[in-house]
Amino acid sequence: MSGDRPSPLVIERILRDRQGIWQQIVSERDLNALTGRMLASSAIALACYGAVLGAFHSPLMALTSALKLPLLFLVTLAICLPTLYLFNLVFGARLSVRQSLALVMVAITVTSMLAVAFAPISLFFLITAPDYGFFKLLNVAILTLSALVGLRFLTGGMQVLNDHGLLAPAAAQAQTPAQAVPAAVPAGAVPAAAPAGQVAEPVAVPVGAAAAGSAGTVPNGATPEVGSTAAQAPAQVPAQWSGQPANASFPPGMLPPGYPQPHRQWANQPVRRGEPTQRPASMTLLYIWILLFGFVGTQLAWTLRPFFGDPGQDFAFFRSIDGNFYAEILRTIANL
């Protein structure tokens, strides 16, 4: 499917070609059109799902819930988007407002489309088990699950932007140098003399000097001095090991005879290829922002209620602000 083809089914492109979506956001190509399609799709899907929620009370409540549910998500986005953008600026990210908005709209689009996919299930329980407490908890669970999946898309998109260097400061873009790995001992290197019980360190000797001193002799049992003709004789490494890289790994205690022995403190230690890339502060703050987004959204939902409509009360566009969302959920669970 073409990444640029206008389609009301933008969710299909998000799910089938998410890498193309991330690349389009990275390059800031046609973001206005993409964001507009996601906004329209999300509003329609949330309106349909809101109508199912309000249908528990009356057709008039279904109409008001169809208006208020898209409003809930969009107002929450308007409240929290500046915080996300400023978080990224403070910690050196190079994310534009359009990129931030497009990323969050991807998450909202996935959330809304997944919620409307659950609408037939919600409607089924509305018809067959019209219990207010159960219906409310069922739909809260549906919206929570949908939001978690949508936010998973948000973190995945931010990770792609991080891989393209848009989240880390310019100073952090330089690759961290790999840790020094002991190089292979050349043919003209031999272990220097060391006290008993310790492994000798290899000492590099020029090949010419080693060749010139190859005829030197050392008495039996004597330790050659570094720099002497005997000490300058090239160490013979078996042919089957001569081509091994410096970081070749062997089982503990199984280094072959003649292979350069590592120092005692490095023996049997794995070779480190380099320090792992540290997660930028922007990614850490993203998770904090997600929690903030959730708290703002739930409090706003409590402010804009009712969405379901208690059948024991008359229709009202808004209720008085008393209590909170979490206390109401716990009270509903207790009543069940």
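Bear in mind that the values here come from a model prediction, so they are computed numbers and not experimental data. The residue count restarts for each chain, going from 1 along the sequence in the order it is written. Where totals are concerned, whole chains, interfaces and linings use all residues; where local detail is concerned, this predicted model gives features only for residues with pLDDT of at least 70, and gives and counts side-chain atom pairs only at 80 or more. With hydrogens and water excluded, all non-hydrogen atoms of the structure serve as input to the side-chain values.

Novice: Can you help me understand the overall build of the protein chain in this one?
Specialist: Only DSSP runs of H or I with at least four residues qualify as helices, and only runs of E with at least two residues qualify as strands; both kinds are numbered from the N terminus onward. Counting its regular elements, the protein chain contains ten helices and two strands. Its helices and strands in sequence order give the protein chain the pattern α-α-α-α-α-α-α-β-β-α-α-α, from N to C terminus. Whether two residues are in contact is decided by their heavy atoms, any of which lying within 4.5 Å being enough. Considering only contacts in the protein chain between residues 6 or more positions apart, those separated by 24 or more positions represent 69%. Using a 1.4 Å probe, accessible areas were evaluated by the Shrake-Rupley method; residue-level cover was limited to the displayed protein chains. Carbon and sulfur atoms make up 65% of the accessible area of the protein chain, which totals about 18700 Å².

Novice: Help me out: how do you make sense of unusual backbone geometry in this one?
Specialist: Glycine aside, residues mostly have negative phi angles, and peptide bonds mostly take the trans form. With omega at 10°, the peptide bond leading from Arg305 into Pro306 counts as cis. For Pro306, the position within the fold is in the loop between α9 (281–304) and α10 (325–335). Despite not being glycine, Asp30 has its phi angle at roughly 55°, a positive value. Mapping Asp30 onto the fold places it in the loop between α2 (18–27) and α3 (31–54). Exposure categories follow from relative accessible area, calculated using a 1.4 Å probe and restricted to protein chains: below 20% of the type maximum is buried, above 50% is exposed, and the middle band is partly exposed. Exposure remark for Asp30: the relative accessible area of 38% places this residue in the partly exposed category.

Novice: What exactly am I supposed to notice about a nonpolar patch on the surface here?
Specialist: Where nonpolar side chains cluster on the molecular surface, the patch consists of Leu60, Leu63, Leu67, Phe315, Phe317 and Phe318 and spans about 580 Å² of accessible area. Along the chain, Phe315 turns up in the loop between α9 and α10. Note that patches include only residues with greater than 30% relative accessible area and no salt bridge, and the join distances are 9 Å for like charges and 5 Å for nonpolar side chains (Val, Leu, Ile, Met, Phe, Trp, Tyr). Any carboxyl oxygen of Asp or Glu that lies within 4 Å of a side-chain nitrogen of Lys or Arg is treated as forming a salt bridge with it.

Novice: Before we go on, may I ask you to explain the packing of aromatic side chains in this structure?
Specialist: The description of an aromatic ring pair rests on the distance of the ring centres and on the angle between the ring planes. Any pair of Phe, Tyr and Trp rings, taking the six-membered ring for Trp, is counted once the centres come within 6.5 Å. Such a pair is stacked with planes under 30 degrees apart, edge-to-face with planes over 60 apart, and tilted for the rest. Inspection of every chain in the model, using the stated rule, returns nine aromatic pairs. Measuring from ring centre to ring centre gives 5.4 Å for Phe124 and Phe125, while their planes differ by 80°; the resulting arrangement is edge-to-face. Residue Phe124 is classed as partly exposed on the basis of its relative accessible area of 48%. Among the residues examined, Phe125 registers a relative accessible area of 26% and is labelled partly exposed. With a centroid separation of 4.7 Å and an interplanar angle of 85°, the aromatic rings of Phe317 and Phe318 are classed as edge-to-face.

Novice: Got a minute to help me understand the environment of Leu95 in this structure?
Specialist: With respect to the helices and strands, Leu95 occurs in the loop between α4 (59–90) and α5 (97–117). Between the alpha carbons of Leu95 and Tyr85 there is a distance of 7.4 Å; along the sequence they are ten residues apart.

Novice: It is not clear to me how α5 should be interpreted in this structure. Could you clarify?
Specialist: Helical geometry: 3.6 residues make up each α-helical turn, so side chains three or four residues apart lie on a common side. The end-to-end C-alpha separation of α5 is 30 Å, in line with the 30 Å expected for 21 residues at 1.5 Å each. With 15 of its 21 residues buried, α5 lies for the most part within the structure. In a helix, the anticipated span is given by 1.5 Å times the number of residues less one.

Novice: Teacher, can you tell me more about the pattern of salt bridges here?
Specialist: Pairs can form between side chains of opposite charge once their charged atoms are near each other. Under the criterion given, the structure shown has five salt bridges. Between Arg16 and Glu12 there is a salt bridge, with the nearest N and O atoms lying 3.1 Å from each other. Here the residue Arg16 and the residue Glu12 both occupy positions in helix α1 (residues 10–16), the gap between them amounting to four residues, near one helical turn. A residue is classified by how much of its surface remains accessible, and Arg16, at 66% relative accessible area, is exposed. Given a relative accessible area of 27%, Glu12 falls into the partly exposed group. Residue Asp17 pairs with Arg13 through a salt bridge whose shortest N-O separation is 3.9 Å.

Novice: When you look at the confidence of the model for the protein chain in this model, what are you seeing that I'm missing?
Specialist: Regions with low pLDDT should not have their predicted coordinates read in detail. Mean pLDDT over the protein chain stands at 74; residues scoring 70 or higher make up 63%. Element-level pLDDT for the protein chain is lowest in helix α8 (residues 207–212), with a mean of 43, against a maximum mean of 94 in α3. Summary of the metric used: pLDDT quantifies the predictor's per-residue confidence within the range 0 to 100. In this model residues 170–194 is a low-confidence stretch, pLDDT under 50, and it forms 45 contacts with partners more than four residues away in sequence or in other chains. Confidence drops under pLDDT 50 across residues 269–277; counting only partners more than four residues distant or on other chains, this segment forms ten contacts.

Novice: Whenever I open this one, α2 confuses me. Can you help?
Specialist: For α2, the complete set of buried residues consists of Gly20, Ile21, Trp22, Gln24, Ile25 and Val26. In the core, the buried residues of α2 are packed alongside α1, α3, α5 and α7 (132–163). Following α2 by one or two positions, Glu28 adopts a phi angle in the positive range, close to 55°.

Novice: What is the right way to read the environment of Leu34 from this model?
Specialist: When you line up the elements, Leu34 lands in helix α3. Its relative accessible area of 0% is what places Leu34 among the buried residues. Each C-alpha atom of the pair Leu34 and Ile21 lies 9.0 Å from the other, and the pair is 13 residues apart in sequence. Each residue touching Leu34, except ones within four places of it in the same chain, is listed here: Val10, Arg13, Ile21 and Gln24.

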